[in-house]
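# Examining the three-dimensional arrangement
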Amino acid sequence: MNDADNVGRWIDAAARIVALTGAGISTESGIPDFRGPQGVWTKNPKAERLSNINYYMSDPEVRKLSWQSRLDHPAWHATPNAGHRALVTLERRGKLHALVTQNIDGLHQLAGHSPDVVIEVHGTLRDVMCMACGARGPMGPVLDRVRGGEDDPACQACGGILKSATISFGQPLVPEIIDRAMRAAEQADLLLAIGTSLQVYPVAAAVPAARAAGARVVIVNAEPTPFDGLADAVLRAPIGEVLPALCAAGGPAAVASSAVERASPQP
Ligand SMILES: [Zn+2]
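Residues numbered from 1 in each chain as written. Predicted model: local features only at pLDDT ≥ 70, side-chain atom pairs only at ≥ 80, totals over all residues. Heavy atoms only, no water.

Protein ligation of the zinc ion involves Cys130 (SG), Cys133 (SG), Cys155 (SG) and Cys158 (SG), the donor distances falling in the range 2.3 to 2.4 Å. The coordination sphere of the zinc ion comprises four donor atoms, whose angles at the metal cover 101 to 114°; the geometry is tetrahedral. One chain supplies every donor for the zinc ion, spaced along it as C-x2-C-x21-C-x2-C. Taken together, the positions of Cys130 in strand E4 (residues 123-130) and Cys158 in the loop between helix H7 (139-147) and strand E6 (162-166) put the pair 28 residues apart, joining distant regions of the chain. What makes Cys130 buried here is its relative accessible area of 2%. (Donors = N, O, S within 2.8 Å, 3.2 Å for Na, K, Ca; no water. Tetrahedral: all angles 85-135°; square planar, octahedral: opposite > 155°, others 65-115°. Helix = DSSP H or I, 4+ residues; strand = E, 2+ residues; numbered from the N terminus. Buried < 20%, exposed > 50% of the residue type's maximum accessible area, 1.4 Å probe, protein only.)

What follows concerns the packing of aromatic side chains. Given two aromatic rings, their pairing is described by the distance between the two centres and the angle made by the two planes. A complete count under the given rule lists zero aromatic pairs for this structure. For the cation-ring pair, Arg70 lies above Trp67, with the distance from its terminal atom to the ring centre recorded as 4.4 Å. (Phe/Tyr/Trp six-rings, centres within 6.5 Å; stacked < 30°, edge-to-face > 60°. Lys NZ or Arg CZ within 6 Å of the ring centre and 35° of its normal.)

The next thing to look at is the pairing of strand E2 (residues 96-101). Counting buried residues in E2 gives five out of six residues, a clear majority hidden from the surface. Pairing of strand E1 (residues 17-21) with E2, which is carried by five bridges, proceeds in the parallel orientation. Its bridge partner lying in E2, Ala19 is registered against Leu99. Summarising the sheet, E2 and strand E3 (residues 118-120) pair through three bridges and their orientation is parallel. Paired with Thr101 across the two strands is Glu120, which belongs to E3. (Pairing = 2+ DSSP bridges.)

To continue, consider the sheet that holds strand E8 (residues 216-220). Pairing in this open sheet of six strands is parallel, and the strands run E3-E2-E1-E7-E8-E9 from one edge to the other. Two strands bound the open sheet, and with one partner strand each, they are E3 and strand E9 (233-235). Sheet twist, expressed as the mean angle between neighbouring strand axes with direction ignored, is 15°. Where E1 and strand E7 (residues 190-194) come together, five bridges link them in parallel fashion. (Axes fitted to C-alpha atoms, helices over the stretch in contact; angles between N-to-C directions.)

As a further point, take the sheet that holds strand E5 (residues 136-138). Overall, antiparallel pairing links the three strands, which are arranged E5-E4-E6 in an open sheet. Each having just a single partner strand, E5 and E6 make up the two edges of the open sheet. Across the sheet, the axes of successive neighbouring strands diverge by a mean angle of 45°, strand direction being ignored. Here helix H4 (residues 60-71) sits on the sheet and contacts E4 and E6; the angle it forms with E6, its principal contact strand, is near 50°. (Contact = heavy atoms within 4.5 Å.)

See below:
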């Protein structure tokens, strides 16, 4: 019995799975990983300035560039892939306690999760927020203003600086959201870390926290992570290939045997 078969059986037996997802689950939807070996920031460190809150608040040029890059963000044309859909299967099977994501692209919700299952620890690109009055609203109408010629659109309530409702570098995380993610991890009977290098804290701490509370830990990631040593299984296969079989009822063994049945000659 290989690792994937084991993981399939553990998922079948689990009742409170917490999935923790990172950029790796969205690369198959055409959204680049900013931190990975092929990442945008790894290749061009200057791009990171656009994501630093201090530059953003102090420099109108940085804000103009940021709005242009939001306009062109691949998320607007991306669709959920087989990995995203596999996690929806887990929710429909009644096994998904929470989906903690570091991604800001909103693809988990587009795949069909109920909104209250998804915990976005780094915020969402699909909303804007006023840095002065805290007003929040959808991104679409603000991007329309940028297209219409406003290169640094201001809050219509107070004139303050608007930004995507994401956590930039130098910006504090939202404590209530991090608490919710950590609590969920501690309640899990199986923690599934998918497409994340587990190097960004505090969310990476959800892995040892879940482990300490008695959960099995499974890591699905192309690159090694600092927590591979404490995981019950580490899978390096592409997420869109391995996750659908893991999350289907019966796991990879059932998927393989039904494939064999389908392949058998009919009498
Ligand atoms: Zn405002």
